[in-house]
Amino acid sequence: MDEKVRKPRTRIQVEKREIILEAALECFSQHGFRGATIDQIAAAAGMSKPNLLYYFKSKDDIHRTLIQRLLDTWLAPLREIDDIGDPVTELRSYIRRKLEMARDYPRESRLFANEILQGAPRILPMLEGELKSLVDEKTEVMRRWMRAGKIARTDPYHLIFAIWATTQHYADFDVQVRAVLGPARDGEGRFEDAARFLEQLFVEGLRPKG
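Source: prediction; values computed, not measured. (Residues numbered from 1 in each chain as written. Predicted model: local features only at pLDDT ≥ 70, side-chain atom pairs only at ≥ 80, totals over all residues. Heavy atoms only, no water.)

## Brief notes about the UniProt feature "DNA-binding region" (unreviewed entry) in the protein chain
Next up, step 1: Within this numbering scheme, the UniProt entry marks residues 37-56 as carrying the feature "DNA-binding region" (unreviewed entry).
Next up, step 2: Split by type, residues 37-56 is 75% helix and 0% strand. Its first and last C-alpha atoms lie 13 Å apart. (UniProt positions renumbered as here; feature names shortened; annotations may be inferred. Helix = DSSP H or I, 4+ residues; strand = E, 2+ residues; numbered from the N terminus.)

## Examining the packing of helix 8 (residues 156-172) against helix 9 (residues 174-181)
Two quantities define a packed helix pair, namely the angle between the axes and the distance from one axis to the other.
Next up, step 1: Their axes nearest at 5 Å, the elements helix 8 and helix 9 cross at an angle of 85°. What the angle tells us is that helix 8 and helix 9 run roughly perpendicular. Along its contact with helix 8, which presents His-169, Tyr-170, Ala-171 and Asp-172, the element helix 9 presents Asp-174, Gln-176 and Val-177.
Next up, step 2: Classifying every residue of the contact of helix 8 with helix 9 gives 3 nonpolar, 2 polar and 2 charged. (Axes fitted to C-alpha atoms, helices over the stretch in contact; angles between N-to-C directions. Parallel < 35°, antiparallel > 145°, perpendicular 65-115°, else oblique. Contact = heavy atoms within 4.5 Å. Nonpolar A, V, L, I, M, F, W, Y, C, P; charged D, E, K, R; others polar.)

## Structural notes on the environment of Glu-18
Next up, step 1: Following the sequence through the fold, Glu-18 ends up in helix 1 (residues 11-35).
Next up, step 2: Along the backbone, Glu-18 and Phe-112 are 94 residues apart, and their C-alpha atoms lie at a distance of 19 Å.
Next up, step 3: A distance of 2.8 Å separates polar atoms of two side chains, one belonging to Glu-18 and the other to Arg-69. (Polar contact = N/O pair within 3.5 Å; in protein donor to acceptor, adjacent residues only side chain to side chain.)

## Observations regarding the environment of Ala-162
Next up, step 1: Counting through the fold element by element, Ala-162 comes out in helix 8.
Next up, step 2: On a C-alpha basis, the gap between Ala-162 and Phe-202 in space is 9.3 Å, while along the polypeptide they are 40 residues apart.

## Regarding the side chain of Lys-138
Next up, step 1: Along the polypeptide, Lys-138 turns up in helix 7 (residues 124-147).
Next up, step 2: Taking the relative accessible area as the measure of exposure, Lys-138 reaches 4% and is therefore buried.
Next up, step 3: Here Arg-79 takes part through its backbone oxygen, which lies 3.2 Å from a polar atom of the side chain of Lys-138.
Next up, step 4: Look past the residues within four positions of Lys-138 in its chain and what remains in contact with it is Leu-78, Arg-79 and Ile-81. (Buried < 20%, exposed > 50% of the residue type's maximum accessible area, 1.4 Å probe, protein only.)

## Remarks on the side chain of Glu-115
Next up, step 1: As for its position among the elements, Glu-115 is in helix 6 (residues 106-117).
Next up, step 2: If near-sequence neighbours (up to four positions away) are discounted, Glu-115 is found in contact with His-63, Ala-120, Pro-121, Arg-122 and Ile-123.

Written out as structure tokens, the structure reads:
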């Protein structure tokens, strides 16, 4: 049976798609999926609407591509948690990686948060599939650490949720964080301050008792 072979994209096509995705990320992170329009994205990308639609079929297509890319990036630090590593080292590294992502990818974080707040209509299969499978795998790693007495017994799912919530706060509520810290503390050093605090919070809380 003959199958259609998709031709590899040319350098120009790859570059144009990246320009569109960068423009769309800005629009989606500011206005959400519903508020952003193809016309806005095309204008931000510096091209006509028909030209944009040559590279992506629809707004959904652009959004889906961004979300999949985001999910791949967002899950990478969780994938790297090593079950044979030292738990404290592994969790400290995870917290720091998540804070680095909050610092380096604030628009992507807001894009994801907007999608979740709308009920995740376009990414629910990803959450129930790829995300859940990975979290299930890593919670089992944490349970093994607990059974071995390496960290205190707790609910590993809520531990992961707590790390997500506290680290992503610095992306999703960046304006609030900087406003409350004030000019003297709202520079890049705030992420190092946050890392030290969260490491202490989680590591001390997970230290085996007795």
